[in-house]
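These are the residues of each chain, in order.
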Amino acid sequence: MMPLLTTAVALPLLAAVVVGLVPARAARAPRALALVTSALVLGALIATWARFDAGAGMQLVEEATWIPSIDVAWRLGVDGMSLALSLMTAVVFLPAILYGVGRRPLSRAAAALLLLLEGATLAFFLAQDFFLFYVAFDVTLVAMYFLIALWGEEQRRYAALKFFLYTLIGSLPVLIGIIVLFLQAEPNTFDMIRLASEQPLAGAGVGASLTFLAFFVGFAIKTPIVPFHTWLPAAHVQAPTAGSVLLAGVLLKMGTYGLVRVNLQMLPDAFAQYALPIAILGLFSALYGALVALAQSDFKRLVAYTSVNHMGYVVIGVAAAAAPGISASARDLAIDGAVLQMIAHGLVTAALFFAAGFILTRAKTRNLDELSGLMRPMPVYGTLTAVAMFASLGLPGLAQFPAELQIFLGTFDVYPAIAVTALLGLVVTAALFLLALQRAFLGETSDRWAGLRDLGARELGALVPLIALTVILGVYPRLALDLISAGSWL
């Protein structure tokens with residue numbers, strides 16, 4: 001049987017090397033090679049989905065010894081969460097590569113970095129060995145650093161440095177936590193499947209708490225959770241359009257994925273002790289992100305802060321699932337909703353960052369106070385952006401509504417006050433997106449914007465699939481929920 005998971009990870013990494021060897025005169029070859037590779041990766045993951053048994057937990061494990069003396073292995077596998085996030089990753093990378101970064105056609109360096117980032121991100125979501133998990137975590141930082149620093153906006157170097165330092169510092173406590181789990185396992189191992197099953201720090205008291213907090217800080221910076229979020233606005237605003245798409249659509253999910261995969265699965269007793277303060281932090285992030293976004297006039301910065309808001313809901317759902325006393329059905333609701341929110345936010349926010357990039361290219365501004373009446377000269381752009389905004393504010397029939405509903409229902413079982421208060425974030429988010437629509441898309445069209453052209457084929461190719469999936473998941477969320485099926489692996 002073909003090792004599909006290894007193929008999905010190795011193919012973009014090999015292509016990143018090959019694209020660097022393409023002769024300079026073959027100017028269009030890097031983009032073509034990157035697109036074909038990314039499409040093949042998506043095909044491999046869809047084939048994995050066809051083999052996947054949604055009720056069987058971790059499965060389809062591919063393993064090869066790497067460093068036998070410390071039990072390090074090339075160990076990949078999938079459960080509902082990792083397969084769903086891997087599929088979302090492959091879906092978001094395809095339009096990002098199609099749109100590209102930097103000058104056109106896509107340069108060899110840009111294509112290689114996008115492919116490196118795709119391979120490392122998939123390795124992170126599919127890894128069942130902590131050594132590979134950590135290596136992939138750090139390689140994504142390097143690839144994204146260069147994407148921002150080389151092709152970002154005016155203050156790109158400052159933003160890239162801040163992003164790199166924050167997230168690198170965040171990875172250090174994660175490394176400490178991994179070492180502790182390795183040393184506590186008998187025999188020592190980096191096997192994440194064994195560590196989740198055996199939970200070597202169960203009943204370890206202060207040691208388990210400190211290890212839990214080490215992982216939590218690292219993943220909280222990556223998510224990011226307030227007050228660890230200050231790197232995010234600068235990185236999002238200064239990154240090139242495709243960089244912002246990948247950063248918000250995919251990389252932020254590494255933090256919340258880690259919270260579930262490591263903190264919740266391997267350290268459930270310690271998580272139960274800290275569930276309430278973490279849920280409160282999630283609530284604070286959701287409200288803070290929404291309120292700060294409300295004050296923004298820069299379209300991209302507004303979307304960046306709504307990411308803080310939406311990731312706050314994910315954190316609330318994960319913390320509720322960890323809380324002592326929660327019923328099994330509410331726990332499954334909270335985690336299914338949290339994972340679905342990661343996927344929905346990945347699609348919706350990617351679409352919104354594309355929309356912000358498209359208008360900057362044409363109007364040379366993203367300032368919502370300057371833009372007006374865009375719906376007339378750009379009806380297709382205006383309609384697709386409006387759908388993405390409605391999805392982000394949680395309108396029924398679009399992807400984020402079923403996700404947030406499940407999070408609130410699951411959380412209400414243990415933290416009803418937090419669930420009810422978190423609803424205020426939805427109200428503020430609805431207000432800010434409706435105001436943005438009124439300011440930029442409705443009303444009179446000034447002469448300055450009357451000549452703007454609507455979206456072209458390349459932009460539609462990037463945006464339409466994301467909007468289509470947003471509608472499909474909103475109308476038929478079971479498509480993802482049957483795959484996630486937290487009850488089978490948590």
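Note that the coordinates shown come from a computational prediction; the quantities given were computed from them, not determined experimentally.

Right, let's get into the overall build of the protein. Within the protein, the secondary structure is distributed over 19 helices and two strands. Radius of gyration (C-alpha) of the protein: 21 Å, near the 23 Å computed for a compact globule of 490 residues. Looking at the protein residue by residue over its 490 residues, the buried ones come to 61%. For the protein, restricting intrachain contacts to residue pairs at least 6 apart in sequence, the fraction spanning at least 24 positions comes to 81%. If you sum the accessible surface of the protein, you get close to 16,900 Å²; carbon and sulfur atoms cover 67% of it. Within the protein, one finds 27 positive and 26 negative side-chain charges whose respective centroids are separated by 14 Å.

We now examine the pattern of salt bridges. Where side chains of opposite charge bring their charged atoms close, a pairing between them can arise. Counted under the stated rule, the structure contains 13 salt bridges. We note a salt bridge from R261 to D79, for which the minimum N-O separation is 2.9 Å. Of this pair, R261 sits in helix α10 (residues 241-266) while D79 sits in the loop between β2 (72-78) and α3 (80-99); the two residues are 182 residues apart in sequence, bridging distant segments of the chain. Residue R261 is classed as buried on the basis of its relative accessible area of 2%.

How two aromatic rings sit relative to each other is set out by the distance from centre to centre and by the angle between their planes. Using the criterion set out here, one finds 25 aromatic pairs in the structure. On the numbers, 5.5 Å between centres and 85° between planes, the contact of F130 with F133 is edge-to-face. With a gap of three residues between them, F130 and F133 both fall in helix α5 (residues 130-151), about one helical turn apart. As far as the burial class goes, F130 and F133 line up, both buried. Among the aromatic residues, those joined into a cluster by ring pairs are F124, F125, F130, F133, F137, F215, F219 and Y257. Its end group placed over the ring of F137, K222 keeps NZ or CZ at 5.4 Å from the ring centre.

In this structure, F130, F133, F299 and Y381 are the most contacted members of the largest nonpolar core, which totals 192 residues. Per-element tally for this core: the top contributor is helix α13 (residues 328-363), with 21 residues. Setting aside chain neighbours within four positions, we find F299 in contact with L352, A355, A356, I359, R366, L368, Y381, T385 and M389.

With that out of the way, let us pick up the packing of α13 against helix α14 (residues 379-392). Remark: α13 packs on α14, axes separated minimally by 9 Å, with the N-to-C direction vectors making an angle of 145°. Seen from above, α13 lies across α14 with left-handed handedness. Across the interface between the two elements, V348, A351, L352, A355, A356, F358 and I359 from α13 touch Y381, T385, A388, M389, A391 and S392 from α14.

What follows is about the pairing of strand β1 (residues 59-67). Both β1 and β2 contribute to a ladder of six bridges, which runs antiparallel. Note on β2: the bridge partner recorded for A64 is W74. Hairpin connection, β1 to β2: the antiparallel pair is bridged by four residues, and D71 has positive phi, about 55°.

Look at the link from E186 to P187: it is a cis peptide, with omega at -5°. With respect to the helices, strands and loops of the structure, P187 is situated in the loop between α6 (156-184) and α7 (192-198). At the junction of T223 and P224, the peptide bond is cis and its omega measures out at -10° in the coordinates. Its identity is not glycine, yet D71 carries a phi of approximately 55°, on the positive side. Examined against the element boundaries, D71 turns out to sit in the loop between β1 and β2. Taking relative accessible area as the criterion, D71 reaches 27% and is therefore assigned partly exposed.

With that settled, the discussion passes to a nonpolar patch on the surface. Judged by side-chain polarity, W49, V471, I472, V475, Y476 and L479 come together as a nonpolar surface patch covering roughly 520 Å² of accessible area. Here the nonpolar patch gets three residues from one element, more than from any other, and that element is helix α18 (residues 457-475). For V471, the location among the structural elements is in helix α18. For V471, a relative accessible area of 33% gives the class partly exposed.

Below, the discussion takes up the side chain of Q265. Here Q265 lies in helix α10. Separated by 2.6 Å, the side chains of Q265 and R261 make a polar contact.

Attention shifts here to α14. Counted at 1.5 Å a residue, the expected span for α14 with its 14 residues is 20 Å, and the 20 Å between its end C-alpha atoms agrees. Those residues of α14 lying buried are Y381, G382, L384, T385, A386, A388, M389, A391 and S392. Backbone geometry just after α14 places G394 at a positive phi near 85°.

Our next topic: helix α2 (residues 29-51). Helix length check: α2, at 23 residues, gives a terminal C-alpha distance of 33 Å against a target of 33 Å (1.5 Å per residue), a fit within 8%. Of the residues making up α2, those classed as buried are P30, A34, L35, T37, S38, V41, L42, A44, L45 and T48. Tucked into the core, α2 has its buried residues touching α1 (4-20), β1, β2, α3 and α4 (108-126).

Further remarks concern the packing of α6 against helix α8 (residues 206-222). The interhelical angle for the contact between α6 and α8, taken along N-to-C directions, is 150°, at an axis separation of 8 Å. Classified by the interaxial angle, the pair formed by α6 and α8 is roughly antiparallel. Crossing of α6 against α8: the hand is left-handed. Contact residues: α6 offers Y166, T167, G170, P173, V174, G177, I178, V180 and L181, while α8 offers T211, A214, F215, V217, G218, F219, I221 and K222. Taken together, the residues that form the contact of α6 with α8 break down as 11 nonpolar, five polar and one charged.

For G170, the location among the structural elements is in helix α6. Overall, the relative accessible area of 1% leaves G170 in the buried class. If we skip the residues at most four places from it in the chain, G170 touches G218 and I221.

Conventions we followed
- Residues numbered from 1 in each chain as written.
- Predicted model: local features only at pLDDT ≥ 70, side-chain atom pairs only at ≥ 80, totals over all residues.
- Heavy atoms only, no water.
- Helix = DSSP H or I, 4+ residues; strand = E, 2+ residues; numbered from the N terminus.
- Rg over C-alpha atoms; globule rule 2.2 N^0.38 Å.
- Buried < 20%, exposed > 50% of the residue type's maximum accessible area, 1.4 Å probe, protein only.
- Contact = heavy atoms within 4.5 Å.
- Areas by Shrake-Rupley, 256 points an atom, 1.4 Å probe, with all protein chains shown as cover.
- Lys, Arg positive; Asp, Glu negative; His and termini not counted.
- Charge placed at Lys NZ, Arg CZ, Asp CG, Glu CD.
- Salt bridge = Lys/Arg side-chain N within 4 Å of Asp/Glu carboxyl O.
- Phe/Tyr/Trp six-rings, centres within 6.5 Å; stacked < 30°, edge-to-face > 60°.
- Lys NZ or Arg CZ within 6 Å of the ring centre and 35° of its normal.
- Core = buried A, V, L, I, M, F, W, Y, C linked by side-chain atoms within 4.5 Å.
- Axes fitted to C-alpha atoms, helices over the stretch in contact; angles between N-to-C directions.
- Left-handed = near helix turned anticlockwise from the far one by under 90°.
- Pairing = 2+ DSSP bridges.
- Patch = residues over 30% accessible without salt bridge, like charges linked within 9 Å, V, L, I, M, F, W, Y side chains within 5 Å.
- Polar contact = N/O pair within 3.5 Å; in protein donor to acceptor, adjacent residues only side chain to side chain.
- Expected span 1.5 Å × (residues − 1).
- Parallel < 35°, antiparallel > 145°, perpendicular 65-115°, else oblique.
- Nonpolar A, V, L, I, M, F, W, Y, C, P; charged D, E, K, R; others polar.

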